[in-house]
Amino acid sequence: PYDQPKEYEIGGVRVSGTQYADPGALISVSGFRVGEKIRIPGSQFAKAVQTLWGLRLFTDVQILRERTQGDVVFLEIQVKELPRYTRHSFIGVKKSKHDDLNGIINKFIQKGAILTDNVKSTLVYQLEEYYVEKGYRNAKVTAKVLADERTTNAVRIEFLIDHGKRVKIQDIRFTGNEHVKAKV
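Student: Any chance you could explain a nonpolar patch on the surface here in plain terms?
Tutor: Residues Ile 169, Ile 172 and Phe 174 make up a contiguous nonpolar surface patch of roughly 400 Å² in combined accessible area. With respect to the secondary-structure elements, Ile 172 resides in the segment after β7 (154-162).

This is the structure we're talking about:
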């Protein structure tokens, strides 16, 4: 009961749900040490969850009481890791442009890295800028993140690219110029 906290000694801490993260490092970061006294319920749990959540590696973090033997408690830290990027593809562009576009992608994310919304936004922006530099001022890039069926907890990105028409300047006209001659 929450109104009657009880003190326990930590008998062990186990981590589940990790594929890439080091369980020992997560236990260390959580602040739980075997042999240490804690109160259940207590503020140590919220603090540990906040610390683990702050790593930005997980979509879910939970700390559970696995079992109790007298005054000794065994804890389990359950995490669900963010998906890892495995591959990408382009739709709407010629194969001859793939090498240039792959170079842009590889500057910002490597295979096996965590795909965050920030990285995804950066990739879209950089691809659009590539086309703007080539004269396609109305280029639109959309990134669809899909589960990669080849690997567990992995995603692939499908870039839908519509570069539109190239913008060309046909004519420049000056009006209202009284002090400078307009040459045609």
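Once you've had a look at it, read on.
Student: Would you explain the sheet that holds strand β4 (residues 72-81) in this entry?
Tutor: In spatial order, the strands read β2-β1-β4-β3; together these 4 strands make up an open sheet with mixed pairing. The open sheet has two edge strands with one neighbour each: β2 (37-40) and β3 (58-69). The mean angle between the axes of side-by-side strands here comes to 45°, regardless of whether they run parallel or antiparallel. Summarising the sheet, strand β1 (residues 6-16) and β4 pair through 7 bridges and their orientation is parallel. The residue of β4 that forms the bridge with Arg 14 is Glu 76. The sheet strands contacting helix α2 (residues 43-54) are β2, β3 and β4, and the helix crosses β3 at an angle near 145°.

Student: It is not clear to me how α2 should be interpreted in this structure. Could you clarify?
Tutor: Given 3.6 residues per helical turn, the α-helix brings residues three or four places apart onto the same face. For α2, built from 12 residues, the straight-helix expectation of 16 Å at 1.5 Å per residue is met to within 8% by its first-to-last C-alpha distance of 17 Å. For α2, every residue scored as buried is listed here: Phe 45, Ala 48 and Leu 52. Down the axis of α2, the buried set is contained in an arc of 65°. They therefore lie on one face. Away from its buried face by more than 90 degrees, α2 exposes Ser 43, Lys 47, Gln 50 and Gly 54. Lining the buried residues of α2 we find α1 (23-30), β2, β3 and β4. Phi turns positive one or two residues past the end of α2, at Arg 56, with a value near 60°.

Student: Can you help me understand the packing of aromatic side chains in this one?
Tutor: The relation between two aromatic rings is expressed through the spacing of the ring centres and the mutual angle of the planes. Tallied over the full model, the rule gives 4 aromatic pairs. When the ring centre of Phe 74 is taken as origin, the NZ or CZ atom of Arg 67, which lies over that ring, is 3.9 Å away.

Student: Explain the packing of α1 against α2 here, please?
Tutor: Packed helix pairs are characterised by how far apart their axes lie and by the angle those axes make with each other. Running from amino to carboxyl end, α1 crosses α2 at an angle of 130°, the nearest separation of the two axes being 8 Å. Between α1 and α2, the interaxial angle falls into the category oblique. Contacts between α1 and α2 pair Leu 26, Val 29 and Ser 30 from the former with Ala 48, Thr 51 and Leu 52 from the latter. When grouped by side-chain class, the residues that make up the contact of α1 with α2 number 4 nonpolar, 2 polar and no charged.

Student: How should I be thinking about the sheet that holds strand β5 (residues 84-91) in this particular structure?
Tutor: Paired through backbone hydrogen bonds, the strands of a sheet run either parallel or antiparallel to each other. An order of β5-β7-β6 is seen for the 3 strands of this open sheet, with the pairing classed as mixed. Every other strand in the sheet has two partners, leaving β5 and β6 (140-147) as the edge strands with one partner each. Taking each pair of neighbouring strands and ignoring which way they run, the sheet shows an average axis angle of 25°. Against the sheet, helix α3 (residues 98-108) contacts β5 and β7, and its axis sits at roughly 150° relative to β5.

Student: For this particular structure, what's the right way to read the pattern of salt bridges?
Tutor: Pairs can form between side chains of opposite charge whenever their charged atoms are close. A complete count under the given rule lists 7 salt bridges for this structure. Between Glu 158 and Lys 144 there is a salt bridge whose closest N-O contact spans 3.8 Å. Here Glu 158 is found in strand β7, whereas its partner Lys 144 is found in strand β6, with 14 residues between them in sequence. A relative accessible area of 14% places Glu 158 in the buried class. Each of the salt bridges in this network shares a partner with another, and the network as a whole consists of Arg 14, Glu 66 and Glu 76.

Thresholds applied
Residues numbered from 1 in each chain as written. Predicted model: local features only at pLDDT ≥ 70, side-chain atom pairs only at ≥ 80, totals over all residues. Heavy atoms only, no water. Patch = residues over 30% accessible without salt bridge, like charges linked within 9 Å, V, L, I, M, F, W, Y side chains within 5 Å. Areas by Shrake-Rupley, 256 points an atom, 1.4 Å probe, with all protein chains shown as cover. Salt bridge = Lys/Arg side-chain N within 4 Å of Asp/Glu carboxyl O. Helix = DSSP H or I, 4+ residues; strand = E, 2+ residues; numbered from the N terminus. Pairing = 2+ DSSP bridges. Axes fitted to C-alpha atoms, helices over the stretch in contact; angles between N-to-C directions. Contact = heavy atoms within 4.5 Å. Expected span 1.5 Å × (residues − 1). Buried < 20%, exposed > 50% of the residue type's maximum accessible area, 1.4 Å probe, protein only. Arc of directions from axis to C-beta. Phe/Tyr/Trp six-rings, centres within 6.5 Å; stacked < 30°, edge-to-face > 60°. Lys NZ or Arg CZ within 6 Å of the ring centre and 35° of its normal. Parallel < 35°, antiparallel > 145°, perpendicular 65-115°, else oblique. Nonpolar A, V, L, I, M, F, W, Y, C, P; charged D, E, K, R; others polar.

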